[in-house]
Amino acid sequence: MAEEEKSLKKQVMVAIDESECSKRALQWTLVYLKDSLADSDIILFTAQPPLDLSCVYASSYGAAPIELINSMQENYRNAGLNRLEEGTKICAEIGVTPRKVLEFGNPKEAICEAAEKLGVNMLVVGSHGKGALQRTFLGSVSNYCVNNAKCPVLVVRTKA
């Protein structure tokens, strides 16, 4: 019976980054979908873009000390873990204990891949509210997810 209940539980993944709009999306989800999510597992997801070490190698004429590289990679990983801890604190205020997932890669691709790999039933992303011109040149993570995720996507817009 316990296995059946676990398999029936819905999984909702909330993608967060360092922006206020992603924190708002998490808060909105926890408050406004509280009753709907009562029997769901919440997955907090964050993706760290690939670490660009080219400037380190260039400034050291191609011979960067391995200790420096390791330190930078550890700090980079810790930044992602800290972001997940911030999200966990937001969840704790509502009495929710999320599952935390950290991936490395292009955020928009990593979000969609993780949603599929984890078998989530719904993906929640925040929107910075970029205009059409900014979206054209800079791209939009939320727009990419809406068009590429294999599950329903809820986009929480920030107030204008």
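Residues numbered from 1 in each chain as written. Predicted model: local features only at pLDDT ≥ 70, side-chain atom pairs only at ≥ 80, totals over all residues. Heavy atoms only, no water.

If you check an unreviewed UniProt entry, the protein appears there as UspA from Arabidopsis thaliana x Arabidopsis arenosa.

Some details on the pairing of strand β1 (residues 10-15)
Across the six residues that make up β1, a large majority, five, are buried. Handedness of the β1-helix α2 (residues 20-32)-strand β2 (residues 40-48) crossover: right-handed. In this sheet, strand β4 (residues 122-127) lies alongside β1 in parallel orientation, the contact comprising three bridges. Directly across from Met13, in β4, lies its bridge partner Leu123. (Buried < 20%, exposed > 50% of the residue type's maximum accessible area, 1.4 Å probe, protein only. Helix = DSSP H or I, 4+ residues; strand = E, 2+ residues; numbered from the N terminus. Right-handed = clockwise from strand over helix to strand, strands pointing away. Pairing = 2+ DSSP bridges.)

A closer look at the sheet that holds β4
The sheet built from five strands is open, its strands ordered β3-β2-β1-β4-β5 with parallel pairing. Looking at strand neighbours, the two that pair on one side only are β3 (99-104) and β5 (153-157), the edges of this open sheet. The sheet shows a mean angle of 25 degrees between the axes of neighbouring strands, taken without regard to direction. Where β2 and β3 come together, six bridges link them in parallel fashion. Across the sheet, the residue bridging to Gln48 is Phe104, located in β3. (Axes fitted to C-alpha atoms, helices over the stretch in contact; angles between N-to-C directions.)

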